[in-house]
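Commentary on secondary and tertiary structure
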Amino acid sequence: MPASWSLTLRRAKGCRAEREPCSRVRLCYDPRPFSRPEPRSSRFLVDQIVEFVLKANNAERRILSGMRPTGRLHLGHYHGVLRNWVKLQHEFECFFFVADWHALTTDYAESLDIEQSVWDMVIDWLAAGLNPGSATLFIQSRVPEHAELHLLLSMITPLGWLERVPSYKDQQAKLKEKDLTTYGFLGYPLLQSADILVYRAGKVPVGADQVAHVELTREVARRFNFLYGREPGFEDAAELAIGRMGKKSQRLYRDLRKRYLEQGDGEALERARALLDEQQNLSLADRERLTGYLEGGGRLLLPEPDALLTESAKVPGLDGEKMSKSYGNTISLREVPEEVDRKVRTMKTDPARARRTDPGDPEQCPVWSLHKLYSDADTRDWVVEGCTTAGIGCIDCKRPLIESIQQDLAAMRQRARQYEEQPELVKAIIAEGSEHARDQAKETLEVVRSAMGLGYR
Ligand code: SF4
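Cut-offs applied
Every chain is numbered independently, its residues counted from 1 as its sequence is written. Since the coordinates come from a predicted model, pLDDT governs what is reported: local features require at least 70, and pairs of side-chain atoms require 80 or more to be given and counted, while whole-chain, interface and lining totals use all residues. By definition, any uninterrupted DSSP run of H or I lasting at least four residues is a helix, any uninterrupted run of E lasting at least two residues is a strand, and each is numbered from the N terminus. Every C-beta atom is placed from the backbone, and the number of other C-beta atoms within 10 Å of a residue's own sets its class: buried at 20 or more, exposed at 12 or fewer, partly exposed in between. Note on contacts: each residue gets a C-beta atom placed from the backbone, and two residues are in contact if those atoms are within 7 Å. For every residue, the predictor states its confidence as a pLDDT score lying anywhere from 0 to 100. Residues of type Ala, Val, Leu, Ile, Met, Phe, Trp, Tyr and Cys that are buried and joined through C-beta atoms within 7 Å form what is called a nonpolar core. For every domain, the bounds stem from an assignment made automatically or drawn from a database. Here, nearness is defined through the C-beta atom: a residue counts as near a molecule or strand if that backbone-placed atom lies within 6 Å of it. Here the nonpolar group is Ala, Val, Leu, Ile, Met, Phe, Trp, Tyr, Cys and Pro; Asp, Glu, Lys and Arg are the charged ones; every other residue, Gly included, is treated as polar. Each residue after the first adds 1.5 Å to the expected span of a helix. Each axis is a line fitted through C-alpha atoms, taken for helices only over the stretch in contact, and angles between the N-to-C directions span 0 to 180 degrees. Angles are sorted into four bins: roughly parallel if under 35 degrees, roughly antiparallel if over 145, roughly perpendicular if 65 to 115, and oblique for all others. Definitions for this section: a left-handed crossing has its near helix turned counterclockwise from the far helix by less than a right angle. A right-handed crossing has that turn clockwise. Should DSSP find at least two bridges between two strands, the strands are taken to pair. Orient the strands so they point away from the viewer, and a crossover whose first-strand-to-second-strand path over the helix runs clockwise is right-handed.

**A short note on the overall build of the chain**
- Scanning the chain from terminus to terminus reveals 19 helices and five strands.
- The buried share of the chain, taken over its 457 residues, is 35%.
- Restricting the contact set of the chain to residue pairs at least 6 apart, pairs at least 24 apart contribute 77%.

Now the structure itself:
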């Protein structure tokens, strides 16, 4: 067949199905010369990308964070993560998700427990004060775009980047009883990257131990932008855009770009970005083009997120170790009052206070760590004074703490009860959140596919 001819699905002339919908899958051979259709690139793609970039500019206001479904949550989760989420939901556009696929990366052999854990955890989120009117709450597996983006990013991510993530070796060493030499486990930081990038989130609240994961996400986004953010004639378009700035700004931009590219001068990069922000006569597309040109890359398709370092409070368990379900030392958010009372009363204290008359040191006592979270300044002063002089006993010291914890948990138990009684309400909240999240994720995938040349239907 001549190269200029092609098989098409166009109905051949004379086909009887021409005037009616074709009910059969039929391939009609039309031997007329076939002119290649205009690629779906140029204007359409550019417009779409600009539209996308506009949204990407809101990335600074968007937060993404997730939690593996571990069932009922405890005070460690509340003070370590949830309390911060409750605050953030009023300050940013927040997407909080149940990372059920992440649970499979280590617990693939016990996957039947995941469902109950998901709903228990969502009830605890709501009980702790997450508001579906302020934040989008959803389940990762309800948004299959996470998986698609993960797959696409896996094509461009060097293996060494994943092997280098500190948690890869750490977790394998810690969870020796599990076989974590799996593809899923190696790739879970990249799944996290996809989780973040699929929402173009600009900020990711993490503890210090998770910063490496955000850094990986930044590297992956940068690589993606470098590979696919290059429109044909990118350099020429960037040079034209430079010409649209005033003479002085042009000179300054070129100078700062040179300093950054040749000497890695970070300050020059910041100044050049600020310079672009000030330019009134640049279109948004040109501004983004010049931002990419500045760094030697292409246009920004996936914004690089920043780690929002959160100082998560260290919550000791009943035995003084870190509060964790696997240590059996927790106080859960829906713990009944009698159990809260019993657990705090029997909680470990400073071993130096063997007798009531022995003075102690609050810094050696896990109860003191809870006082720091629950007690006001006066109570804390009273504890320090009483403990170090043996003026109070440990039971006296624990009494106001128990009261404060009970007060907090009573409100949570009450909120949890209404959701326990209406499981369909919880499911509706998640269904709505998942739908909203999916709409956002679909937009990203449209652009990602188009940029990679996979936008065909
Ligand atoms: S008095 Fe309070 S702070 Fe001091 S050891 Fe006892 S429980 Fe801990």
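Still more ground to cover, so stick around.
**Considering the confidence of the model for the chain**
- Per-residue confidence for the chain gives a mean pLDDT of 85, with 87% of residues at or over 70.
- With pLDDT under 50 throughout, residues 1-44 is counted as low confidence; its partners more than four residues away or in other chains account for 23 contacts.

**Examining the nonpolar core**
- Core analysis: the largest hydrophobic core is formed by 82 residues, its most contacted members being Phe95, Val122 and Leu137.
- Residue assignment places this core across two domains, with domain 2 (46-227 + 307-313) and domain 4 (334-421) each supplying three or more.
- Phe95 has contacts with Ile63, Leu64, Thr136, Tyr199, Ala201 and Ala437, leaving out every residue within four places of it along the chain.
- In terms of nonpolar packing, the next biggest core, distinct from the first, is built from 11 residues, Ala238, Tyr260, Leu276 and Leu294 among them.

**Focus on the site of the ligand**
- Close contacts around the ligand come from 14 residues, with Asp350, Cys365, Cys387, Cys394 and Cys397 the closest.
- Of all the secondary-structure elements, those providing two or more residues to the shell around the ligand are α16 (366-374), α17 (377-388) and α18 (394-421).
- In terms of residue count, the dominant contributor to the shell around the ligand is α18 (three residues).
- Residues of the shell around the ligand, tallied by class, amount to nine nonpolar, two polar and three charged.

**Section: the environment of Glu338**
- Of note, Glu338 is situated in helix α15 (residues 337-345).
- For the pair Glu338 and Gln406, spaced 68 residues apart in sequence, the C-alpha to C-alpha distance is 9.7 Å.

**What to know about α17**
- Its 12 residues place the ends of α17 17 Å apart at the C-alpha level, agreeing with the 16 Å of an ideal helix rising 1.5 Å per residue.
- A positive phi of about 60 degrees marks Ala390, the residue just after α17.

**Some words on helix α19 (residues 423-452)**
- The end-to-end C-alpha distance of α19, which contains 30 residues, comes to 42 Å, matching closely the 44 Å that a straight helix rising 1.5 Å per residue would cover.
- If you check which residues of α19 are buried, you get Val426, Ile429, Ile430, Gly433, Ser434, Ala437, Ala441, Thr444, Val447, Val448, Ser450 and Ala451.
- Just downstream of α19 lies Gly453, where phi reads positive at about 85 degrees.

**Examining unusual backbone geometry**
- Of note in the backbone geometry, Arg200 takes a positive phi value of approximately 50 degrees without being a glycine.
- Within the secondary structure, Arg200 is located in the loop between α9 (188-197) and β4 (203-206).
- Even without glycine at this site, Ala390 takes up a positive phi of about 60 degrees.
- Along the polypeptide, Ala390 turns up in the loop between α17 and α18.
- Accessibility expressed as a C-beta count within 10 Å gives 14 for Ala390, which makes it partly exposed.

**A closer look at the packing of helix α12 (residues 247-263) against helix α13 (residues 266-278)**
- Relative to each other, α12 and α13 sit at 150 degrees, their axes nearing to 8 Å. One finds that α12 runs roughly antiparallel with respect to α13. Relative to α13, the crossing made by α12 is left-handed. Every residue of α13 that contacts α12 at Ser249, Leu252, Tyr253, Leu256, Arg257, Arg259 and Tyr260 is listed here: Ala268, Leu269, Arg271, Ala272 and Leu275.
- Counted by class, the contact of α12 with α13 contains eight nonpolar, one polar and three charged residues.

**Overview of the packing of helix α4 (residues 114-128) against α18**
- The N-to-C vectors of α4 and α18 enclose an angle of 135 degrees; their axes lie 8 Å apart at closest approach. Accordingly, the angle class assigned to the pair α4 and α18 is oblique. Between α4 and α18 lies a crossing of right-handed hand. The segment α4 lies against α18, with Ile123, Asp124, Leu126, Ala127 and Ala128 engaging Met412, Arg415, Ala416, Tyr419 and Glu420.

**Focus: the pairing of strand β1 (residues 62-67)**
- Counting buried positions over the six residues of β1 gives six, a clear majority of the element.
- Taking every second residue as pointing to the same face, both faces of β1 are buried, with Arg62, Leu64 and Gly66 on one and Ile63, Ser65 and Met67 on the other.
- Here six bridges tie β1 to strand β2 (residues 93-98), and the two strands are oriented parallel to one another. Residue pairing across strands places Met67 opposite Val98, the latter belonging to β2.
- Read from β1 through helix α2 (residues 75-88) to β2, the crossover connection turns out right-handed.

**What about the environment of Arg244?**
- Following the sequence through the fold, Arg244 ends up in the loop between α11 (234-243) and α12.
- With 14 C-beta atoms counted inside 10 Å, the residue Arg244 sits in the partly exposed group.
- Separated by 39 residues in sequence, Arg244 and Ser283 place their C-alpha atoms 9.6 Å apart.
- Setting aside its immediate chain neighbours within four residues, Arg244 contacts Asn281, Leu282 and Asp286.

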